[in-house]
Each structure stands twice: as C-alpha cells, then as structure tokens.
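Now for the letters of each chain:
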Amino acid sequence: MLRDIGYVREKLDWMRAERIWPNGLRYLWTDAFGVVLYVSLYRELGERRWLDEAERLVSDVERVLGRSRGLRIGEAADRDGQYFHYLAMWLFALARLGDVKPEYRERGIALARDIHRAFVIPDRGVVWKMKEDLSGPYPGYDLGAMDAYDGYISYRLLDSDVLRSEIAEMSVMIEQTYRGLEIDQDLALGMMLWLAHFFPEESWAIAQAQRALRSLDTMWIDPPGYFSRAPSLRDTKFAFTNFGVSLGLQATHVWPERVERLNTFFESWRSGDEYDREAITWVMACTSHYPGAFI
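In this report, we go over the structure that sits alongside the text. (Residues numbered from 1 in each chain as written. Predicted model: local features only at pLDDT ≥ 70, side-chain atom pairs only at ≥ 80, totals over all residues. Heavy atoms only, no water.)

Examining the packing of helix α10 (residues 239-252) against helix α11 (residues 256-268)
At step 1: Across the interface, α10 lies against α11 with an axial gap of 10 Å and an inter-helix angle of 160 degrees. Taken as axis vectors, α10 and α11 run roughly antiparallel relative to one another. The way α10 lies across α11 gives a crossing that is left-handed. In this structure, α10 uses Ala-239, Asn-242, Phe-243, Ser-246, Leu-249 and Gln-250 to contact α11, whose residues at the interface are Val-259, Leu-262, Asn-263 and Phe-266.
At step 2: Looking at the contact of α10 with α11 residue by residue, the classes come out as 6 nonpolar, 4 polar and no charged. (Axes fitted to C-alpha atoms, helices over the stretch in contact; angles between N-to-C directions. Helix = DSSP H or I, 4+ residues; strand = E, 2+ residues; numbered from the N terminus. Parallel < 35°, antiparallel > 145°, perpendicular 65-115°, else oblique. Left-handed = near helix turned anticlockwise from the far one by under 90°. Contact = heavy atoms within 4.5 Å. Nonpolar A, V, L, I, M, F, W, Y, C, P; charged D, E, K, R; others polar.)

Rendered as structure tokens:
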C-alpha cells in the first residue's frame, strides 16, 4: 500500500489555494473520500488539525447537502436527488471517523436506518437514485447493480449487531445476484475489489474479486499505462476512475507496478475538460497515493 504523504499534503495545499476543495462546491462522493483522507492523516501523523478538518468537513456537508432524510448528491443545480452508493460511501466515512470519535458512528447508524427503508425493496434490490425527499425513485432510474454490496459493507463496518436486520436484507440480495453479476466499467470494478477485501473469504467476495481482476486485465493499456473505461472503450480513460481502480488493487495487494504506472501517467495527462480541475479527480488522486484508512 502506498504512503506518499508528501504528495497528499502538496495536493491538498494546491486544491485549497485554487479553491477546488474543500472550499469549493460540496459533492457527497468526493467529500466522503476526503473525510477518510483526513482521518488517515490524523492516524498517521497524530496531528489534531487533520481530525479538526474531518469534523469541519462533515459539518459543512450536513449543512449544505443535508435534508430531512438523507443527503443530496451535490451542491450544484444538476446534482439533485440522492444516490444510495454515495450515501453508503458517506456511511463508510462516518464509520472511519467513528473509530476516533464514536458519536460519528452513531450518526452513521441513524442515517443508515433512515435511508434503508426508502431505498431497499426486500428480495428485489436497492433503488439506484431517489427523489431528494426520498418519496420515490428518481424518474428514469431503476435498481442499482452494486448497491446491495455497498450497503452490506458500510452497515457491517458501522455496527453489525445494531444493523443486523438491514445487513440480512442486503445479504439476501447479494446471494441472489453475485454469481451472475458482470461488471464492465473501470471504477465499478475497482470499487468491487475494494468492497470484497473487507470479508475476502465470503463466497461473493471470492467470486467477484476474481472476476474483477480478469476484466481489468483486459482493460490495461500498455503503453502508456492506464485502465480503459471498459473493454470495448480502449481509448477512453478518466483519471478519477483509474484512481478508484488503484484503490481496489491496493486493497487486494495486486499489480503494484500498474498502480505506480497509472499514478505517473495521470499526474501529467490532461483531459482538456472540466475534470482537469474537478475535486473528484484530485481527492481520489490523493487516495491512490495514500489509501490509508480505506484499507
């Protein structure tokens, strides 16, 4: 696992100076990664400032994105509604912060119980995107392929006893789907590897980790050294999705040379669009250089 803390500190300073993050627009996925990054730095360096930053970020996210039930996807006008997999990542962040300050674990448990009833259709699946007030599915969206896995992991890491019934419902859906679930997108494959590493002896984790590595191997483009978006999109690449793959690979301790190669490639490569300055790109770059408490 990489521990390039110097890179992370320099990138954090640059993002703040450029008003990219954490002083830019709130976005739940990115901010969840950021909370874990701050917790990682606190655990590694023992400096109180990083714990303060994590708590400040949680407060800001709840103030800006918090709704009477759940959390909005993002602050921008086109980021309305709620995604379950974003909420699950936020729950993971609260669990990690809760390792240091238990009250955040309690907040995560309360949030999990509240959103679970809205998103989960027992024995069928998890709605991928809901309306902002959780009154029903967002128009045009159906069940998510990986959402039960996201919830299963976050719930278990929050409290496997208190959330026993919610975990059981997610477990049933995993059992129903894992044998036939085929993922063909880079970020989803990386995140599945990451999810599987928490309970690697469970049948679903063994099967999905093996399947993800086989798929990713076909997507490795060498030279110059990156994972394509999908097997059929070999010329399409995104920095932040590759950094998600990196997290999954480091969690499973495979292909360290490919992790180094993709980090090097995307440090200088530019897409020429908004992602060159998007917070998601550079917060996830920090995670790729230092997974810390993610693993």
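So, unusual backbone geometry
At step 1: Following Asp-222, the chain continues into Pro-223 via a peptide bond in cis, with omega recorded as -5 degrees.
At step 2: On the secondary structure map, Pro-223 appears in the loop between β5 (220-221) and β6 (226-227).
At step 3: Between Pro-223 and Pro-224 the backbone carries a cis peptide bond, its omega angle lying at 10 degrees.

Focus: the side chain of Ser-228
At step 1: As for its position among the elements, Ser-228 is in the loop between β6 and α10.
At step 2: One polar contact links the side chain of Ser-228 to the main-chain carbonyl oxygen of Ala-230, over a distance of 3.0 Å.
At step 3: Each residue touching Ser-228, except ones within four places of it in the same chain, is listed here: Asp-186, Met-219, Ile-221, Leu-233, Arg-234 and Thr-236. (Polar contact = N/O pair within 3.5 Å; in protein donor to acceptor, adjacent residues only side chain to side chain.)

Digging into the side chain of Asn-263
At step 1: Inspection of the secondary structure puts Asn-263 in helix α11.
At step 2: Overall, Asn-263 belongs to the buried group, its relative accessible area being 4%.
At step 3: Residues in contact with Asn-263, not counting those within four places in the same chain, are Leu-2, Phe-243, Ser-288 and His-289. (Buried < 20%, exposed > 50% of the residue type's maximum accessible area, 1.4 Å probe, protein only.)

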